[in-house]
Amino acid sequence: MYRPTARVLTVLELLQSRGRMTGAELARRLEVNIRTVREYIAMLGDMGIPIEAERGRYGAYRLRPGYKLPPLIFTEDESFALTLSLLIARGQEFARASAAFEGTLAKVLRVLPEATRTQVQAVEQAVLFDDDSFRIPPSLHVVTTLSSARQAGRRVQLHYRSRQGEVTARGFDPYGVVSRNGIWYTLGYCHLRQGQRLFRLDRIVALEIANETFSLPENFDVREAVQQALAAVPNEWQFEVWLKTTLPEAQRSLRLPQTFFEEKSDGVLFRGEATDLSWMAQKLAGLGMPFIIHRPRELRIALSKYAQKLAKYAQLMNEAEIEPE
């Protein structure tokens, strides 16, 4: 549906975020002609919002410097889109990384018109996320700090926990952030190792922006670079196993921090990565508690092979007629 008021507010938002835009740029973004853009600018002027027009071939529109905009206003469609995005983030488990998601969602829901709020609640109750792909949501602070540092060309100081649990400090020039197969990565130049390195965001335990600056390599494709870096890393199997036990007992038995576990009403979900599935199968078999392997299928196969091996050993012992002491 054509809504001129929404288009006018979009012009205001574009000028607020970009500072300066030509009539042609506004027309292209709004999918209207230049004459219509001029009408929208005039409507903003009638609303008391001072828009300055720079004349000439390269003229543009901008808000008067120093003008303080009124509070942000969303149309009903925009409010619904924002709320739906927050619900999706919660359904995709990213909201676990920050309480800000739930706080923002609560604030938006509180100010929505009744009809829109009813729509959102209907979506919340009707839509289910039945996606069992493995995810490790990163800290929102880590994502925003790395992104801001990259945009400003500023080095960061980070403390990183390796796969073996060792924590090291290093200077790092972030070239970008990439989410791949449920795990978030950053790739850039590591000053500790004197070369490009790939880091998982969920293993960054501390992070702050430093004073030193850097420049991005020319024509650098961070997505392709991350793919190449992952191809060179030894294969890591992402696993999820349900354990019939309590959270304290799971931590005690596996000697791992709480971040590897999620407490459920009927047990504990154990998530992580393993490079050796045979070793992982032996570890699970030695826990002495019931468990169910949700993924990967290859871990189930490794467990079956280990069970067959144990059964064979038991049979050999019986055939040798060795009496237990």
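Everything numeric in this text was worked out from a predicted model, so none of it was measured. (Residues numbered from 1 in each chain as written. Predicted model: local features only at pLDDT ≥ 70, side-chain atom pairs only at ≥ 80, totals over all residues. Heavy atoms only, no water.)

**Concerning the pattern of salt bridges**
(1) Moving on: Counting across every chain of the model gives 11 salt bridges.
(2) Moving on: Between glutamate 240 and arginine 271 there is a salt bridge, with its nearest N and O atoms 2.7 Å apart. Here the residue glutamate 240 occupies a position in strand 8 (residues 237–243), and arginine 271 occupies one in strand 10 (residues 267–274), the gap between them amounting to 31 residues. Each member of the pair glutamate 240 and arginine 271 is classed as buried. (Salt bridge = Lys/Arg side-chain N within 4 Å of Asp/Glu carboxyl O. Helix = DSSP H or I, 4+ residues; strand = E, 2+ residues; numbered from the N terminus. Buried < 20%, exposed > 50% of the residue type's maximum accessible area, 1.4 Å probe, protein only.)

**Quick word on helix 7 (residues 140–152)**
(1) Moving on: With 13 residues, helix 7 extends 18 Å from end C-alpha to end C-alpha; this agrees with the ideal 18 Å at 1.5 Å per step.
(2) Moving on: Listing the buried residues of helix 7 in full gives Val142, Val143, Thr145, Leu146 and Ala149.
(3) Moving on: Looking at the packing, one finds that the buried side of helix 7 touches strand 3 (154–161), strand 4 (167–180), strand 5 (183–190) and strand 7 (204–213).
(4) Moving on: Immediately downstream of helix 7, the backbone of glycine 153 shows phi near 65°, a positive value. (Expected span 1.5 Å × (residues − 1). Contact = heavy atoms within 4.5 Å.)

**Here's the deal with the packing of aromatic side chains**
(1) Moving on: A full pass over the atoms with the stated rule returns 6 aromatic pairs.
(2) Moving on: The interplanar angle of 70° and the centroid separation of 5.1 Å between the aromatic rings of phenylalanine 172 and phenylalanine 199 together place this pair among those described as edge-to-face. In this pair, phenylalanine 172 sits in strand 4 while phenylalanine 199 sits in strand 6 (residues 195–200), placing the two residues 27 residues apart along the sequence.
(3) Moving on: Judged by its relative accessible area of 3%, phenylalanine 199 falls in the buried class.
(4) Moving on: Residues tyrosine 175 and phenylalanine 214 carry aromatic rings whose centres are separated by 6.1 Å and whose planes lie at 45° to one another, so their mutual orientation is tilted. With tyrosine 175 in strand 4 and phenylalanine 214 in the loop between strand 7 and helix 8 (222–231), the pair connects residues that are 39 residues apart, well separated along the chain.
(5) Moving on: A residue is classified by how much of its surface remains accessible, and phenylalanine 214, at 12% relative accessible area, is buried.
(6) Moving on: The structure contains a cluster of three or more aromatic residues connected by ring pairs, namely Tyr160, Phe172 and Phe199. (Phe/Tyr/Trp six-rings, centres within 6.5 Å; stacked < 30°, edge-to-face > 60°.)

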